[in-house]
Amino acid sequence: MTLLPPLGNGLDAMAITDHILSQGQVQKIPGGKLTLFVRRAFLPPALCAELVARIDAVRRPSTLADGNGHAAYRTSETGDLAADDPVVQETEARIAALTGLDGVYGEPLQGQRYAVGQEFKGHTDYFEPDGLDFDRYCGVAGNRTWTVMVYLNEPEAGGATRFKAIDKIIQPETGKLVCWNNRRPDGTLNPATLHQGMKVRTGVKYVITKWFRERPWG
Ligand SMILES: O=C(O)CCC(=O)C(=O)O
Ligand SMILES: [Fe+2]
């Protein structure tokens with residue numbers, strides 16, 4: 001892994017795309033509608049297990065609306081991971097090194113746990129600019145730019161992530177990273193990033209998610 005300085009907030013999409021592709025072992029998902037990458041075995045299994053334990057320690061039902069009216073859409077449990085935890089810092093450093101996205105623009109690393117029957121219905125990760133509460137969620141740091149997600153385990157059945165617009169289904173695998181630009185190359189919000197976390201059928205599913213913003217988070 002090459003350690004290069006962070007490149008920014010992701011609005012310069014080509015800089016981030018070039019950086020990710022320069023890291024090797026990354027697959028760019030074909031199709032012009034959105035910029036989506038997969039990197040298998042990104043996190044080692046031991047680090048994934050440490051993160052699972054952290055998620056279990058902080059998780060709570062994610063029943064609150066998140067600004068896009070997602071209340072009933074997300075039935076998993078969720079929780080922010082502690083930024084001063086060395087395991088979290090190691091994970092953040094690896095994400096920065098792979099993507100070139102600067103942690104200054106990142107929301108706190110978040111964990112999700114899905115039990116059998118739980119899901120995250122179709123949604124985009126960016127906030128609708130004309131939506132209720134847009135200012136509350138985006139007033140300080142701006143809207144989301146890139147999403148980085150890592151599966152921490154493999155449920156026995158179900159739990160894939162589906163991108164409907166490009167007819168792509170990504171199966172959970174321990175340590176597999178998925179990341180995408182929530183915008184088109186010109187910076188406008190991209191509805192083709194619509195995706196869902198499909199229902200877990202057997203077992204349990206753990207993921208971490210890191211969202212980046214236009215302006216510094218904290
Ligand atoms: O769990 C998944 O597969 C998708 C999660 C997701 O879309 C999100 O947390 O925004
Ligand atoms: Fe999402």
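As a starting point, this report considers the structure included with it. (Residues numbered from 1 in each chain as written. Chains lettered and ligands numbered in written order. Predicted model: local features only at pLDDT ≥ 70, side-chain atom pairs only at ≥ 80, totals over all residues.)

## Section: the nonpolar core
Side chains of nonpolar character tend, in soluble globular proteins, to be buried together. Keep this limit in mind: By definition, a nonpolar core groups buried Ala, Val, Leu, Ile, Met, Phe, Trp, Tyr and Cys residues that are joined through C-beta atoms within 7 Å. Neighbour counting defines burial: a residue surrounded by 20 or more other C-beta atoms within 10 Å of its own C-beta is buried, one with 12 or fewer is exposed, and intermediate counts give partly exposed, using backbone-placed C-beta atoms. The helix count covers DSSP runs of H or I at least four residues long, the strand count covers runs of E at least two residues long, and both are numbered beginning at the N terminus. Residue pairs qualify as contacts under a 7 Å threshold applied to their C-beta atoms, which are placed from the backbone.
By size, the foremost hydrophobic cluster in this structure holds 34 residues, and its most contacted members are Trp-146, Val-150, Leu-152, Cys-179 and Val-207. Contributions of two or more residues to this core are made by helix 1 (13-22), strand 2 (36-39), helix 2 (45-58), helix 3 (86-99), strand 7 (144-151), strand 11 (177-181) and strand 14 (205-213). The residues contacting Cys-179, other than those within four sequence positions of it, are Phe-37, Thr-99, Trp-146, Thr-147, Val-148 and Met-149.

## Here's the deal with the pairing of strand 5 (residues 110-114)
Our working definition: The rule for pairing is simple: two strands pair if DSSP sees at least two bridges between them.
Counting buried positions along strand 5 gives four out of five residues, so the element sits mostly inside the fold. Relative to strand 5, strand 4 (residues 77-80) runs antiparallel, the two being bridged by four bridges. Counterpart to Thr-78 in the pairing with strand 5 is Gln-112. For strand 5 and strand 14, the ladder comprises five bridges, and the chain directions are antiparallel. Directly across from Arg-113, in strand 14, lies its bridge partner Tyr-206.

## Section: the sheet that holds strand 10 (residues 168-170)
This is how the line gets drawn: Each axis is a line fitted through C-alpha atoms, taken for helices only over the stretch in contact, and angles between the N-to-C directions span 0 to 180 degrees.
Strand order in the open sheet made by the four strands is 6-12-9-10, with antiparallel pairing throughout. For this open sheet the edge positions go to strand 6 (120-123) and strand 10, each flanked by a neighbour on one side alone. The sheet shows a mean angle of 10° between the axes of neighbouring strands, taken without regard to direction. Sheet topology note: the strand 6/strand 12 (residues 195-197) ladder contains two bridges and is antiparallel. Within the sheet, the bridge partner assigned to His-123 lies in strand 12 and is His-195.

## As for the site of ligand 1
Condition: Near, for a residue, is defined by distance from a backbone-placed C-beta atom to a molecule or strand, with 6 Å as the limit that must not be exceeded. Under the convention adopted here, Pro, Cys and the residues Ala, Val, Leu, Ile, Met, Phe, Trp and Tyr are nonpolar, Asp, Glu, Lys and Arg are charged, and Gly plus all remaining residues are polar.
Near ligand 1 you find Gln-112, Phe-120, Asp-125, Thr-161, His-195, Gly-197, Val-207 and Thr-209, and these make up its full shell. Those elements that place two or more of their residues in the shell around ligand 1 are strand 12 and strand 14. Across the shell around ligand 1, the residue classes tally to two nonpolar, five polar and one charged.

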